[in-house]
Amino acid sequence: MDDYPAADPIPEPAGDIDLRYATLMDFLSNSSEMRHAAKSSFKQALWSGAGAMAGGLCFGPVGGLVGGVAGSLIGFAKTPDYDGAVILLTKLDETEKRALMSRVGQVLITAGAATQTLNTQDAFRDALMTYASNRDFREGLWNACLESLHE
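Residues numbered from 1 in each chain as written. Predicted model: local features only at pLDDT ≥ 70, side-chain atom pairs only at ≥ 80, totals over all residues. Heavy atoms only, no water.

Participant: Could you give an account of the overall build of the chain, with specific residues and numbers?
Facilitator: In terms of helices and strands, the chain carries 6 helices and 0 strands. Residues counted as buried form 28% of the 151 residues belonging to the chain. (Helix = DSSP H or I, 4+ residues; strand = E, 2+ residues; numbered from the N terminus. Buried < 20%, exposed > 50% of the residue type's maximum accessible area, 1.4 Å probe, protein only.)

Participant: Describe the packing of helix 4 (residues 94–111) against helix 5 (residues 121–131), naming the residues involved and giving the relevant values.
Facilitator: Close contact between helix 4 and helix 5 brings their axes to 11 Å; oriented N to C, the two are set at 55°. In this view, helix 4 runs oblique relative to helix 5, as classed from their interaxial angle. Regarding helix 4 and helix 5, the two cross each other, and that crossing is left-handed. From helix 4, Met101, Val104, Leu108 and Ala111 reach across to helix 5, where they touch Phe124, Ala127, Leu128 and Tyr131. Across the contact of helix 4 with helix 5, the residue classes break down as 8 nonpolar, no polar and no charged. (Axes fitted to C-alpha atoms, helices over the stretch in contact; angles between N-to-C directions. Parallel < 35°, antiparallel > 145°, perpendicular 65-115°, else oblique. Left-handed = near helix turned anticlockwise from the far one by under 90°. Contact = heavy atoms within 4.5 Å. Nonpolar A, V, L, I, M, F, W, Y, C, P; charged D, E, K, R; others polar.)

Participant: Explain the environment of Ile74 to me, using residue names and the numbers behind them.
Facilitator: With respect to the element layout, Ile74 can be found in helix 2 (residues 32–78). Owing to a relative accessible area of 37%, Ile74 belongs among the partly exposed residues under this scheme. Separated by 30 residues in the primary sequence, Ile74 and Gln44 have C-alpha atoms spaced 8.1 Å apart.

Participant: Explain the pattern of salt bridges to me, using residue names and the numbers behind them.
Facilitator: What the rule picks out here adds up to 2 salt bridges. When the shortest N-O distance is used, the salt bridge between Glu147 and Arg103 registers 3.1 Å. Placement of the pair is Glu147 in helix 6 (residues 135–150) and Arg103 in helix 4, with a sequence separation of 44 residues. For Glu147, a relative accessible area of 38% gives the class partly exposed. A residue is classified by how much of its surface remains accessible, and Arg103, at 17% relative accessible area, is buried. (Salt bridge = Lys/Arg side-chain N within 4 Å of Asp/Glu carboxyl O.)

Participant: Describe a nonpolar patch on the surface, with residues and values.
Facilitator: A surface patch of nonpolar side chains, amounting to about 500 Å² of accessible area, comprises Val62, Leu65, Val66, Val69 and Leu73. By secondary structure assignment, the location of Val62 is in helix 2. (Patch = residues over 30% accessible without salt bridge, like charges linked within 9 Å, V, L, I, M, F, W, Y side chains within 5 Å. Areas by Shrake-Rupley, 256 points an atom, 1.4 Å probe, with all protein chains shown as cover.)

Participant: Could you give an account of the nonpolar core, with specific residues and numbers?
Facilitator: Membership of the largest hydrophobic core comes to 17 residues, with the highest contact counts inside it found for Leu89, Leu100, Val104, Leu108 and Leu118. Elements represented by at least two residues in this core include exactly helix 3 (85–90), helix 4, helix 5 and helix 6. The dominant element in this core, judged by the number of residues it contributes, is helix 4, at 5 residues. Discounting chain neighbours no more than four positions away, the residues touching Val104 are Phe124, Leu128, Leu141 and Ala144. (Core = buried A, V, L, I, M, F, W, Y, C linked by side-chain atoms within 4.5 Å.)

Participant: Pulling in residues and values, what's your account of the confidence of the model for the chain?
Facilitator: Taken residue by residue, the chain gives an average pLDDT of 75. The fraction at 70 or more is 74%. Within the chain, helix 1 (residues 17–30) has the poorest average pLDDT of any element, 50, and helix 2 the best, 88. (pLDDT = per-residue confidence, 0-100.)

Participant: I'd love a proper account of the environment of Asp81, names of residues and values included.
Facilitator: In this fold, Asp81 is placed in the loop between helix 2 and helix 3. Measuring from C-alpha to C-alpha, the distance between Asp81 and His36 comes to 9.3 Å, with 45 residues separating the pair along the chain.

Participant: Break down the environment of Arg138 for me, with residues and values.
Facilitator: Residue position: Arg138 is located in helix 6. Looking at Arg138, the relative accessible area reads 40%, which means it is partly exposed. When residues no more than four places from it in sequence are discounted, the contact partners of Arg138 are Ala132 and Ser133.

Shown next, in the form of structure tokens:
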């Protein structure tokens with residue numbers, strides 16, 4: 001595309017599941033915040049699942065419901081506070097925010113958006129909404145967010 005403004009080449013969409021998996025594993029293993037978030041989220045899920053299973057085994061479907069809620073409450077009480085990926089993205093400094101927006105722009109252009117249409121907030125939002133149904137776009141957008149958190 002001739003209208004691509006950056007000096008870097010437009011990245012190819014990540015289509016290989018092994019590459020996405022490697023990216024995710026690398027990110028989770030190198031980001032202490034995401035490691036903490038993943039570990040805490042997993043602990044909460046285990047408590048919830050264990051409670052649902054125990055309740056279901058003892059008292060049937062209603063017991064599963066009650067056990068799941070009870071397990072979720074125990075997991076919430078026993079897990080230290082942590083931030084999810086979206087909250088971590090809101091805490092990026094200005095340099096990291098610019099890098100994220102550059103990556104998102106690259107993903108939009110790769111998906112087919114014209115550079116000129118990304119100049120205003122409304123046009124940017126419209127482009128995001130237009131391409132949101134495209135699986136490759138969603139994966140590219142998520143990868144751009146992961147890369148920004150990884151730095």
